[in-house]
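What follows is the residue order along each chain.
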Amino acid sequence: MENVFVFDHPLIQHKISLLRDKNTDTKEFRELVSEIAMLMGYEVTRNMPLKEVEIETPIGIAKTKIISGKKLGIVPILRAGLGMVDGMLNLLPMVKVGHIGLYRDPETLQPVEYYCKLPVDVEEREIVVLDPMLATGGSASAAIQFIKNRGVKNIKLMCLIAAKSGIERLQKDHPDVSIYCAAVDEKLNDHAYIVPGLGDAGDRLFGTK
Ligand code: PRP
Ligand code: URA
């Protein structure tokens, strides 16, 4: 699968197993989503450009590196993407955060937009879109289109569980967007939930069911 990166790190895989367990309660679920987002964020930011600087240590001058000025932004898809924000902010405390509100109409399964607020200089930033679930791919595809419409050139999608159908949809609609995930599941059920997946991510995060 081109442009798809599945994180097989043991810590991530272990936490994904706990996340899938239907007996994992809301508190633990929330903590796990945040922790996995942080671990994935570590890898997703691997290619961030560095620049050389000189730092005065107590002993002398060190030629060393810091992250260069290239700007990053993260955009969670509401609601469930919110669960991944804290983990990313632990790594990148200064990063700007946009929000896109979408829900899947349960009848048509089409994404319905209800909110969109992005950083004013979003077109100068590399954007990482956050959503734990990539099912049909409709929500992520629509969110990415909003962001592209604002002039953003460099977009990545970070999700926890991706269904094959969602990956295919995204590769068709946005072949330039790399997908980072922790697991790829085979199929969707009649209500377009990922099987085996982890259930409804928003409801499990916020305890709404
Ligand atoms: C979930 C999930 C994704 C979407 C994935 O959100 O967080 O945004 O479904 O499905 P798709 O790939 O088929 O579009 P949901 O619509 O349940 O909204 P919520 O986060 O507000 O609960
Ligand atoms: N949204 C979810 O929260 N879970 C799924 O399995 C599919 C879409």
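Values in this document were obtained by computation on a predicted structure and should not be read as measured data.

**A few points about the packing of helix α1 (residues 10-20) against helix α2 (residues 26-44)**
- Packing of α1 against α2 leaves a shortest axis separation of 10 Å and a crossing angle of 155 degrees. The angle between α1 and α2 places the two elements in the roughly antiparallel class. Our pair here, α1 against α2, has a crossing hand that is left-handed. Facing α1, whose interface residues are L11, I12, K15, I16, L18 and L19, α2 presents F29, L32, V33, E35, I36, L39 and M40.
- For the contact of α1 with α2, the per-class residue count stands at eleven nonpolar, no polar and two charged.

**Description of the site of ligand 1**
- Taken together, the neighbourhood of ligand 1 is formed by 14 residues, with R104, D131, T136, G137 and S139 sitting nearest.
- Contact between ligand 1 and R79: an oxygen atom at 2.8 Å from a side-chain N or O atom of the residue.
- Within the side chain of R104, one N or O atom sits 2.7 Å away from an oxygen atom of ligand 1.
- Taken by itself ligand 1 offers 500 Å² of open surface, and the protein chains cover 90% of this.
- Here ligand 1 is seated within the largest pocket.

**Digging into the UniProt feature "binding site: uracil" (unreviewed entry) in the protein chain**
- When the UniProt feature table is mapped onto this chain, "binding site: uracil" (unreviewed entry) is found at I194, G199, D200 and A201. When the annotated set is filtered for residues lining the largest pocket, what remains is I194, G199, D200 and A201.
- Mapping D200 onto the fold places it in the loop between β15 (194-195) and α6 (201-206).
- Given the relative accessible area of 25%, D200 is considered partly exposed.
- If near-sequence neighbours (up to four positions away) are discounted, D200 is found in contact with R79 and Y193.
- Structurally, A201 is set in helix α6.

**Observations regarding the nonpolar core**
- With 35 residues, the main nonpolar core has L19, M40, L130, M158 and L160 as its most contacted residues.
- At the level of secondary structure, the elements contributing two or more residues to this core comprise α1, α2, β4 (72-78), α3 (85-91), β8 (126-130), β11 (161-163) and α6.
- Ranked by residue count, the leading element in this core is α2, at seven residues.
- Those residues within four positions of L19 in sequence are excluded, and the remaining contacts are F29, L32, V33, I36, L160, L198 and R204.
- Among the nonpolar cores identified, the runner-up in size contains 24 residues, and I144, I147, I155 and L157 belong to it.

**Quick look at the environment of I12**
- If you trace the backbone, I12 turns up in helix α1.
- Sequence spacing of I12 and G98 is 86 residues, and the spatial spacing of their C-alpha atoms is 25 Å.
- What I12 contacts, discounting residues up to four positions off in sequence, is F7, I36, L39, M40 and A182.

**Looking at the packing of helix α4 (residues 138-149) against helix α5 (residues 164-173)**
- Packing of α4 against α5 leaves a shortest axis separation of 9 Å and a crossing angle of 25 degrees. It follows that α4 is roughly parallel to α5 by the angle criterion. Regarding α4 and α5, the two cross each other, and that crossing is right-handed. Where α4 abuts α5, its residues G138, A140, S141 and I144 lie against R169, L170 and D173.
- For the contact of α4 with α5, a count of residues per class yields three nonpolar, two polar and two charged.

Calculation rules
- Residues numbered from 1 in each chain as written.
- Chains lettered and ligands numbered in written order.
- Predicted model: local features only at pLDDT ≥ 70, side-chain atom pairs only at ≥ 80, totals over all residues.
- Heavy atoms only, no water.
- Axes fitted to C-alpha atoms, helices over the stretch in contact; angles between N-to-C directions.
- Helix = DSSP H or I, 4+ residues; strand = E, 2+ residues; numbered from the N terminus.
- Parallel < 35°, antiparallel > 145°, perpendicular 65-115°, else oblique.
- Left-handed = near helix turned anticlockwise from the far one by under 90°.
- Contact = heavy atoms within 4.5 Å.
- Nonpolar A, V, L, I, M, F, W, Y, C, P; charged D, E, K, R; others polar.
- Near = heavy atom within 4 Å.
- Polar contact = N/O pair within 3.5 Å; in protein donor to acceptor, adjacent residues only side chain to side chain.
- Areas by Shrake-Rupley, 256 points an atom, 1.4 Å probe, with all protein chains shown as cover.
- 1 Å grid on protein atoms, 1.4 Å probe; cavity = no way out; pocket = protein on both sides within 12 Å on 5 of 7 lines; lining within 4 Å.
- Sits in = over half its atoms within 2 Å of the grid points.
- UniProt positions renumbered as here; feature names shortened; annotations may be inferred.
- Buried < 20%, exposed > 50% of the residue type's maximum accessible area, 1.4 Å probe, protein only.
- Core = buried A, V, L, I, M, F, W, Y, C linked by side-chain atoms within 4.5 Å.

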